[in-house]
Amino acid sequence: MKAQHRWFSLSWMTLVYGFLYLPIFILILFSFNSGRSSVWQGFSIKGYQALLRDSQMMSGLMVSLKIALTSATFSVMIGTLIAFVLVRYTRFSGRTLFSGMASTPLVMPEVVLGLSLLLVFKSWVGIQGGYTTIILGHILLGAAYASVVIQARMTEVPKSYEEAALDLGAKPLNTFFLVTLPLIAQSLLSAWLLVFTISFDDVVISQFLSGPGVKPLPTVIFENAKFGAKPVVNAVGTVIVLVVSTLLIAGSIWLQKREKRIQREIAAAYRDAS
């Protein structure tokens, strides 16, 4: 029975991972295809050579990087404040409304979110589409994701650490930066990587809020994909996969090393105390 159960688990895991990752492997494989069709016609790096010469793709890549870096940074800042308020201040007037509004972008369809932001920016505020509108839209969405990640970590941090710092004479602001932030640093990095990925590959909100001369990479890829799969599209998709995978793997390794170092420091502190 144990052998059969192990065989079933292995088969099921293989099917799930194959369903998730096989399309990515096929994309990477066909980025080296010498032809434009979805039929393998031979190995070639023409797609990557065309990517370097494609000014529209390279411009979209730089636009997406600028937007993702900015929106991820500000989303983590706002998400940290949201999580801190919800975890450390459990009772205040309007807390339920505040919590609901903070998590609304998570359940709101991006089409509705993009359309509502477009009406607000153009009809009420009078801001034309561009970097500013896209970044604000991504911050609105990213802050919700960041607050969930950071809030999960902050609930595990004992409040006694902050109270001890306050009892020793530290001001609340100093306590937040010197005690709270180092303890939730892992969640900040995780939230930043998550929001960066969401912002980098967003199409719907970017499509609604983009303006003349500002076209993120996912929008460029989407427009090119309408006319059939081209090697340059597969090549830029492969580059995105490699960049995102590298960031996630590097971040995971750093988090694991930092967690082990913290555990060693805690164990050493207990030994010294005893």
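Residues numbered from 1 in each chain as written. Predicted model: local features only at pLDDT ≥ 70, side-chain atom pairs only at ≥ 80, totals over all residues. Heavy atoms only, no water.

- The chain is annotated in an unreviewed UniProt entry as Putrescine ABC transporter permease PotI from Formosimonas limnophila.
- Recorded in UniProt for the chain, the comment headed Subcellular location (unreviewed entry) runs: "Cell membrane".
- The record in UniProt for the chain states the following under Sequence similarities (unreviewed entry): "Belongs to the binding-protein-dependent transport system permease family. CysTW subfamily." (UniProt positions renumbered as here; feature names shortened; annotations may be inferred.)

### Notes on the overall build of the chain
Then comes step 1: The secondary structure content of the chain amounts to 12 helices and zero strands.
Then comes step 2: Seen in sequence order, the chain has helices and strands lined up from the N terminus as α-α-α-α-α-α-α-α-α-α-α-α.
Then comes step 3: Each principal axis of the C-alpha atoms in the chain carries an extent, and together these give about 70 × 65 × 35 Å.
Then comes step 4: Taken over 274 residues, the chain has a buried fraction of 35%.
Then comes step 5: The contacts in the chain between residues at least 6 apart in sequence include a share of 74% that link residues at least 24 apart.
Then comes step 6: Accessible surface, the chain as shown: approximately 16800 Å² in total, 69% of it carbon and sulfur.
Then comes step 7: The positive charge centre, built from 22 side chains, and the negative charge centre, built from 12, are 7 Å apart in the chain. (Helix = DSSP H or I, 4+ residues; strand = E, 2+ residues; numbered from the N terminus. Buried < 20%, exposed > 50% of the residue type's maximum accessible area, 1.4 Å probe, protein only. Contact = heavy atoms within 4.5 Å. Areas by Shrake-Rupley, 256 points an atom, 1.4 Å probe, with all protein chains shown as cover. Lys, Arg positive; Asp, Glu negative; His and termini not counted. Charge placed at Lys NZ, Arg CZ, Asp CG, Glu CD.)

### Looking at the nonpolar core
Then comes step 1: Grouped together as the largest cluster of nonpolar side chains are 28 residues, with contacts concentrated most on Met57, Ile150 and Leu217.
Then comes step 2: Secondary structure elements with two or more residues in this core: helix H2 (46–53), helix H3 (55–88), helix H6 (131–154), helix H9 (185–200), helix H11 (217–225) and helix H12 (231–273).
Then comes step 3: Ranked by residue count, the leading element in this core is H3, at eight residues.
Then comes step 4: Not counting chain neighbours up to four residues away, the residues in contact with isoleucine 150 comprise Val76, Gly79, Thr80, Ala83, Ile184, Ser187, Leu188 and Ala191. (Core = buried A, V, L, I, M, F, W, Y, C linked by side-chain atoms within 4.5 Å.)

### So, empty space enclosed by the protein
Then comes step 1: A complete count under the given rule lists two cavities of 30 Å³ or more for this structure.
Then comes step 2: By volume, the largest cavity is sized at about 40 Å³.
Then comes step 3: Along its surface, the largest cavity is lined by His138, Leu141, Gly142, Val195, Ile198, Ser199 and Asp202.
Then comes step 4: Secondary structure elements with two or more residues in the lining of the largest cavity: H6 and H9.
Then comes step 5: Of the residues in the lining of the largest cavity, the class split is three nonpolar, three polar and one charged. (1 Å grid on protein atoms, 1.4 Å probe; cavity = no way out; pocket = protein on both sides within 12 Å on 5 of 7 lines; lining within 4 Å. Points joined across faces, edges and corners; volume = space filled by probe spheres on them. Nonpolar A, V, L, I, M, F, W, Y, C, P; charged D, E, K, R; others polar.)

### Focus: the environment of tryptophan 254
Then comes step 1: Within the secondary structure, tryptophan 254 is located in helix H12.
Then comes step 2: In sequence terms tryptophan 254 and glutamine 186 are 68 residues apart; their C-alpha atoms lie 8.9 Å from each other.

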